[in-house]
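Chain and residue survey
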Amino acid sequence: MKKLLISLTAGLVVSLLGMLINYRSYLKRGYLKLCITNHGGEITIQDGFGLRCVHIYAMEMGQSGSQSLRFAPVNLLIHILVIAVIVYLIITIFEKVRH
């Protein structure tokens, strides 16, 4: 139970730090720094640590592009769980090697 709590806490802390880095990057540059980027036609979507940034580019003269940032709770939960599993496995392997 202690390993699980440590793993979930580490997953939460790392994910929140990643979210903070991405948010500050978005405020400064308009793009997320730590993300997975998907390109398509006139749109670019960036997902990373609970944030989703959508860039829509104008394709004709006179039009303007847009960008938006929103909180993505499912994305954040996935990051927390993946990091928690990795930390749990590292702790388990370390305990096995130590004994």
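Placed above this text is the structure.
Our subject in this report is the structure included herewith. (Residues numbered from 1 in each chain as written. Predicted model: local features only at pLDDT ≥ 70, side-chain atom pairs only at ≥ 80, totals over all residues. Heavy atoms only, no water.)

Attention shifts here to the pattern of salt bridges. Tallied over the entire structure, the rule returns two salt bridges. One salt bridge in this structure joins E95 and K3, with 3.5 Å as the shortest N-O distance. Remark: K3 occurs in helix α1 (residues 2-29) and E95 occurs in helix α2 (residues 73-98); sequence separation between them is 92 residues. Under the relative-accessibility criterion, K3 is labelled partly exposed at 23%. We note a salt bridge from D47 to R52, for which the minimum N-O separation is 2.7 Å. (Salt bridge = Lys/Arg side-chain N within 4 Å of Asp/Glu carboxyl O. Helix = DSSP H or I, 4+ residues; strand = E, 2+ residues; numbered from the N terminus. Buried < 20%, exposed > 50% of the residue type's maximum accessible area, 1.4 Å probe, protein only.)

Attention shifts here to a nonpolar patch on the surface. A cluster of nonpolar side chains, contributed by M1, L4, L8, L77, L81, V85, Y88, L89, I93 and V97, occupies part of the molecular surface with about 1,000 Å² of accessible area. Within the residue set of the nonpolar patch, elements represented by two or more residues are α1 and α2. Assignment of secondary structure puts L77 in helix α2. (Patch = residues over 30% accessible without salt bridge, like charges linked within 9 Å, V, L, I, M, F, W, Y side chains within 5 Å. Areas by Shrake-Rupley, 256 points an atom, 1.4 Å probe, with all protein chains shown as cover.)

Pairing in this open sheet of four strands is antiparallel, and the strands run β1-β2-β3-β4 from one edge to the other. The sheet is open, and its two borders are formed by β1 (36-40) and β4 (66-71), each paired with just one other strand. Across the sheet, the axes of successive neighbouring strands diverge by a mean angle of 15°, strand direction being ignored. Alignment of β1 against strand β2 (residues 43-48), held across five bridges, turns out to be antiparallel. Each bridged residue has a counterpart across the sheet, and for G40 the counterpart in β2 is I43. Seen against the sheet, α1 touches β2, β3 (51-56) and β4 and runs at an angle of roughly 160° to β4. Where α2 meets the sheet, it contacts β2, β3 and β4, and its direction lies at approximately 45° from that of β2. (Pairing = 2+ DSSP bridges. Axes fitted to C-alpha atoms, helices over the stretch in contact; angles between N-to-C directions. Contact = heavy atoms within 4.5 Å.)

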